[in-house]
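In case you want the letters, here they are:
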Amino acid sequence: LNPKYLGPFSALELYTSVDISDKDLPTVYQWCRKQVDAYNQVHMDKPAQWHATIMPGFDEREIPGRKEGPGGAGWKDRRHGSYYRMTFDAALSSNPDWIHITSFNELAEHTYIEPTREFGWFYIDMTAKFVDEFKKRKDGGQFRTGTPRAPGQGGGGSPEVAPPPAGPPKPG
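About the cut-offs
Residues numbered from 1 in each chain as written. Predicted model: local features only at pLDDT ≥ 70, side-chain atom pairs only at ≥ 80, totals over all residues. Heavy atoms only, no water. Helix = DSSP H or I, 4+ residues; strand = E, 2+ residues; numbered from the N terminus. Buried < 20%, exposed > 50% of the residue type's maximum accessible area, 1.4 Å probe, protein only. Contact = heavy atoms within 4.5 Å. Areas by Shrake-Rupley, 256 points an atom, 1.4 Å probe, with all protein chains shown as cover. Phe/Tyr/Trp six-rings, centres within 6.5 Å; stacked < 30°, edge-to-face > 60°. Salt bridge = Lys/Arg side-chain N within 4 Å of Asp/Glu carboxyl O.

Engineer: What am I meant to see in the overall build of the protein here?
Structural biologist: In terms of regular secondary structure, the protein is built from three helices and five strands. The N-to-C order of helical and strand elements in the protein reads β-α-β-β-β-α-β-α. A burial count over the protein gives 39% of its 172 residues as buried. Taking the intrachain contacts of the protein between residues at least 6 apart in sequence as the baseline, contacts between residues at least 24 apart amount to 69%. For the protein, the computed accessible surface area is about 9,800 Å², with 55% contributed by carbon and sulfur atoms.

Engineer: Help me understand the packing of aromatic side chains, please; the structure alone is not making it clear to me.
Structural biologist: Pairs of aromatic rings are described using the distance from one ring centre to the other and the angle between the two planes. For the coordinates displayed, the defined rule picks out seven aromatic pairs. Between the aromatic rings of Tyr-29 and Trp-50, the centroid separation amounts to 5.3 Å while the plane-to-plane angle is 65°, which identifies the pairing as edge-to-face. With Tyr-29 in helix 1 (residues 25-42) and Trp-50 in strand 2 (residues 49-54), this pair connects stretches of sequence that are 21 residues apart. Looking at Trp-50, the relative accessible area reads 0%, which means it is buried. Ring centres of Phe-88 and Phe-130 lie 4.2 Å apart, and the angle between their planes is 5°; on these two criteria the pair is classed as stacked. Residue Phe-88 is found in helix 2 (residues 82-93), and its partner Phe-130 is found in helix 3 (residues 122-139); the two are separated by 42 residues along the sequence.

Engineer: Would you mind going over the environment of Arg-79 with me for this structure?
Structural biologist: Among the secondary structure elements, Arg-79 is positioned in the loop between strand 4 (75-76) and helix 2. Judged by relative accessible area, Arg-79 falls into the partly exposed class, the value being 35%. Placed 22 residues apart in sequence, Arg-79 and Gly-57 show a C-alpha to C-alpha distance of 8.2 Å.

Engineer: Honestly, the pattern of salt bridges in this entry has me stumped. Any pointers?
Structural biologist: A side chain of one charge can pair with a side chain of the opposite charge if their charged atoms are brought near each other. By the definition in use, this model includes eight salt bridges. When the shortest N-O distance is used, the salt bridge between Arg-79 and Asp-22 registers 3.4 Å. Residue Arg-79 is located in the loop between strand 4 and helix 2, and its partner Asp-22 is located in the loop between strand 1 (11-13) and helix 1; the two are separated by 57 residues in the primary sequence. Asp-59 serves as the salt-bridge partner of Arg-61, at 2.8 Å between the closest nitrogen and oxygen. Under the relative-accessibility criterion, Arg-61 is labelled partly exposed at 32%. Given a relative accessible area of 17%, Asp-59 falls into the buried group. Connected through salt bridges with shared partners, the residues Asp-22, Lys-76 and Arg-79 form a single ionic network.

Read these as spatial facts, not as claims about activity.
The structure is reproduced here in structure tokens:
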């Protein structure tokens with residue numbers, strides 16, 4: 001997160017939030033936004049963007065060669081979608097130009113949002129709601145993406161409060 005790289009690169013981005021405490025994440029993200037805004041005031045000919053990262057959780061403790069502790073394996077409990085929601089709220093609080101999701105299918109590090117036997121469509125449905133919220137904020141509600149699934153097509157309920165469903169993902 002070094003703003004000096006905004007010159008050769010067009011965005012400031014944090015790939016993972018696993019090493020930042022939950023309570024500090026909004027502050028870190030808002031600091032990033034301020035760095036990009038300050039850069040853009042001086043470099044109006046080559047504006048940069050702030051890309052905030054959201055993630056559903058993280059757990060690399062079972063990956064061979066990665067150790068726990070400082071500089072070692074990281075872990076963030078998904079907490080039935082609460083961690084994902086918290087990272088999204090922190091991202092929105094910083095007025096990002098773009099939101100980066102870590103990640104779609106990283107099964108080894110447990111950051112995946114793709115449908116799985118463990119979570120079904122829970123994180124995909126949650127992501128669709130996040131996309132809607134982000135686009136409403138950025139586009140004044142002109143564009144909508146993500147269509148809620150009909151009952152029986154996976155996910156279901158409000159991902160912010162409902163626990164993830166068990167069982168295999170159902171075709172959508």
